[in-house]
Amino acid sequence: MKVFRRLALISTIGTYLVIFIGGLVRVSGAGLGCPDWPKCFGRWFPPTSIDQVPGYFDASRFNIVLAWIEYINRLCGMTLGILILITAILAVKHCRHNFKVMVGALSSAILVTLVGFQGAFVISSELEPFAVSIHMLLALLLASAMIYTTQHAYYEEDKRTEEKTVYPSRTQKFIFMIWIITGIQVVLGTQMRSKLEILAQQFPLKTDLEWLDQLGAFSHSHMGLGLIMLLLTILAGRRILVGTKSLPALARNATIAMLVLISIQILLGFVFMLIGMPELARVFHLWIASMFFGATLIIYNSARRARSHS
Amino acid sequence: MSKHSQTKMIFGLFIPIGLVMALIAYFVVDRAKESVSDLPVIGEIPQFVLLASDSTAFGTEELKGKLSVVDFIFTHCKGPCPVMSANMAELYDKFDGHPEIQFVSITVDPLTDSLGVMQEYAANFGVDDKRWRFLTGQIEDIAELCEKGFLLAADDLPGNHSTKFVLLDDQARIRGYYDGRDPASMTVLTTHIQSLARQLP
């Protein structure tokens, strides 16, 4: 069980690393660094020079740096896939009696396979905005499934956690609402990103701020929802930290993380509005959103468990 | 360990990890940007003078100081030319309002493509300013320019002309070749024009 729990934790951290690398692929414009899938320019290793690019690919599409960025993303994704599949096998072997762990581990295995194959569609669609958003959403669902599995594996080892915990009333619903809004925000954000990429192609010589200006309703709703989330998170965070009896360490840390992460997100939002969109800030904006999503899920699971004890 | 010191330790760990990841991300993004903006110099266009469809001379001097995208076509071509010119028209529209970026189509069938025919062809693609020029001349001069200047095959013209778009910098140097029929190549070309345009003095 201990091995399973550790592997589940490593896979969860791995999932977040791959989400980070995926964001990096996006902002560095390496999404089509390898124009085919699963191979890269028809080879199992990216070409090292233009002479190795097969004739059926236009040589102008070959950029060794972008090809390797995308290739490393695929290698990391594949390693993560293997880790998660081993986790699922261990779950079947050792945790058959625990329905929640089994559901979490098996869903993760299905999701990681799905993300991989859907990645092929993202490439063949030439980064079609909807396909990219689905890719991101599937990755978030995978992170959620891994968190769920890991958290319940911990509960399996220490059955007394959350036994004496009493959350303020309606915490579970409150957190669920924040979780859903976060999902909407992520989809809105990826759609905005896609629209910005289209604008960058249509008006290549305009600046970040000029492209942002043209987004209109999209960016206003993203900003508005962001501020609503900040308010809801502060309210929820305060209620949990002040009003919970015997708050477990994991939930406490997740609540603090939620508050810190939303504050950084709002700050990054202002950076985008005022000085444009530096690539580094964009990578972290996406990554922090996915971590925030995970933190809310940890609290939700904890509140649900506490409720089932009472 | 108390709950509070455990929290401090966890969040204390996040800061160095975050910094390391920021450094890695910075390095990767920087290398990616550099790889797009550092286009190799493939060759230099020799001195030439052809005739534009508005009866003015157009040569190497007109290429200097601007970025140029050049292709070789002929107006009654039923093969790749309509797609190539449609893609060129899309680029022409994208860079509307930027006279520092020009498009040049050189006919490989000067006997058929008179100035009037080329003007009509240009009008069909919505050309209404001097950002997209159509050039003609003696077929021998055009074939030599195509082969020795632009380093493209020029055997068996007009039927067997190249479908490449050639990107030239402001010193009339070749910086890239792109498949004029492939939308993905056009995306790459747009990024390269954008990158060179931002380096213009």
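Further up the page is the structure itself.
Draft legend 1. Broad picture of the overall build of chain B. If you tally the helices and strands in chain B, you get six helices and eight strands. Each helix (α) and strand (β) of chain B, taken in turn from the N terminus, gives the series α-β-β-β-α-β-α-β-α-β-α-β-β-α. For 201 residues, the compact-globule estimate of 2.2 N^0.38 gives 17 Å, and chain B exceeds it by more than 25% at 23 Å. Projecting the C-alpha coordinates of chain B onto the three principal axes gives extents of approximately 90 × 30 × 30 Å.

Draft legend 2. Highlighting the state of the cysteines. What the rule picks out here adds up to two disulfides over all chains. Here Cys34(A) is linked by a disulfide to Cys40(A), with a sulfur-sulfur distance of 2.1 Å. Handedness of the Cys34(A)-Cys40(A) disulfide follows from its S-S torsion of about -80°: it is left-handed. As far as burial versus exposure is concerned, Cys34(A) and Cys40(A) are alike and both buried. Paired through a disulfide, Cys77(B) and Cys81(B) show a sulfur-sulfur distance of 2.3 Å. Between Cys77(B) and Cys81(B), the S-S torsion sits near 100°, and that sign places the bridge as right-handed. For the residue pair Cys77(B) and Cys81(B), the accessibility class agrees, reading buried in each case.

Draft legend 3. View of a negative patch on the surface. A grouping of Glu140(B), Asp141(B), Glu144(B), Glu147(B), Asp155(B) and Asp156(B) is seen on the molecular surface, where their side chains present a negatively charged patch. Following the sequence through the fold, Glu140(B) ends up in helix α5 (residues 139-149).

Draft legend 4. Quick peek at the nonpolar core. By size, the foremost hydrophobic cluster in this structure holds 66 residues, and its most contacted members are Phe20(A), Ile69(A), Phe284(A) and Trp287(A). The biggest single contributor to this core is helix α9 (residues 279-309) of chain A, with 16 residues. When neighbours within four sequence positions are excluded, Ile69(A) is seen to be in contact with Val25(A), Ser28(A), Ala30(A), Val28(B) and Ala32(B). Counting residues in each nonpolar core, the second largest holds 56 residues, with Val104(B), Met118(B), Val188(B) and Leu200(B) among its members.

Draft legend 5. Geometry of the sheet that holds strand β8 (residues 173-179) of chain B. Residue and element names in this part refer to chain B. Within the open sheet, the eight strands sit side by side as β1-β8-β7-β4-β5-β6-β2-β3. Their pairing is mixed. Looking at which strands have only one partner, the edges of the open sheet turn out to be β1 (43-44) and β3 (57-59). Those strands touched by helix α3 (residues 81-94) are β4 (67-73), β5 (101-107), β6 (132-136) and β7 (164-168), and its axis lies near 165° from that of β4. Packing of helix α6 (residues 183-199) onto the sheet brings it into contact with β4, β5, β7 and β8, and relative to β8 it is tilted by some 155°.

Draft legend 6. The arrangement of the layout of surface pockets in detail. When its volume is computed, the second largest pocket comes out at roughly 1700 Å³. Within the residue set of the lining of the second largest pocket, elements represented by two or more residues are α1 (2-27), α4 (129-157), α8 (249-275) and α9 of chain A together with α1 (3-37) of chain B. The greatest single-element share of the lining of the second largest pocket, amounting to 12 residues, is contributed by α1(B). In terms of residue class, the lining of the second largest pocket is built from 33 nonpolar, eight polar and two charged.

Draft legend 7. The arrangement of helix α4 (residues 115-124) of chain B in detail. Residue and element names in this part refer to chain B. All of the buried residues along α4 are Met118, Tyr121 and Ala122. Burial along α4 is one-sided: seen end-on, the buried residues are contained in an arc of 100°. Structural note: α4 exposes Glu120, Ala123 and Asn124 on the side pointing more than 90 degrees away from its buried face. On the buried face of α4, the contacting elements are β4, α3, β5 and β6.

Draft legend 8. Representation of the environment of Leu259(A) in the model. Residue and element names in this part refer to chain A. Assignment of secondary structure puts Leu259 in helix α8. Residue classification places Leu259 among the partly exposed residues on the basis of a relative accessible area of 22%. For the pair Leu259 and Phe130, spaced 129 residues apart in the sequence, the C-alpha separation amounts to 30 Å. If sequence neighbours within four positions are ignored, Leu259 has contacts with Thr233, Ile234, Gly237 and Leu241.

Each value, and the rule that gives it
- Residues numbered from 1 in each chain as written.
- Chains lettered and ligands numbered in written order.
- Predicted model: local features only at pLDDT ≥ 70, side-chain atom pairs only at ≥ 80, totals over all residues.
- Heavy atoms only, no water.
- Helix = DSSP H or I, 4+ residues; strand = E, 2+ residues; numbered from the N terminus.
- Rg over C-alpha atoms; globule rule 2.2 N^0.38 Å.
- Disulfide = S-S within 2.5 Å.
- Buried < 20%, exposed > 50% of the residue type's maximum accessible area, 1.4 Å probe, protein only.
- Patch = residues over 30% accessible without salt bridge, like charges linked within 9 Å, V, L, I, M, F, W, Y side chains within 5 Å.
- Areas by Shrake-Rupley, 256 points an atom, 1.4 Å probe, with all protein chains shown as cover.
- Salt bridge = Lys/Arg side-chain N within 4 Å of Asp/Glu carboxyl O.
- Lys, Arg positive; Asp, Glu negative; His and termini not counted.
- Charge placed at Lys NZ, Arg CZ, Asp CG, Glu CD.
- Core = buried A, V, L, I, M, F, W, Y, C linked by side-chain atoms within 4.5 Å.
- Contact = heavy atoms within 4.5 Å.
- Pairing = 2+ DSSP bridges.
- Axes fitted to C-alpha atoms, helices over the stretch in contact; angles between N-to-C directions.
- 1 Å grid on protein atoms, 1.4 Å probe; cavity = no way out; pocket = protein on both sides within 12 Å on 5 of 7 lines; lining within 4 Å.
- Points joined across faces, edges and corners; volume = space filled by probe spheres on them.
- Nonpolar A, V, L, I, M, F, W, Y, C, P; charged D, E, K, R; others polar.
- Arc of directions from axis to C-beta.

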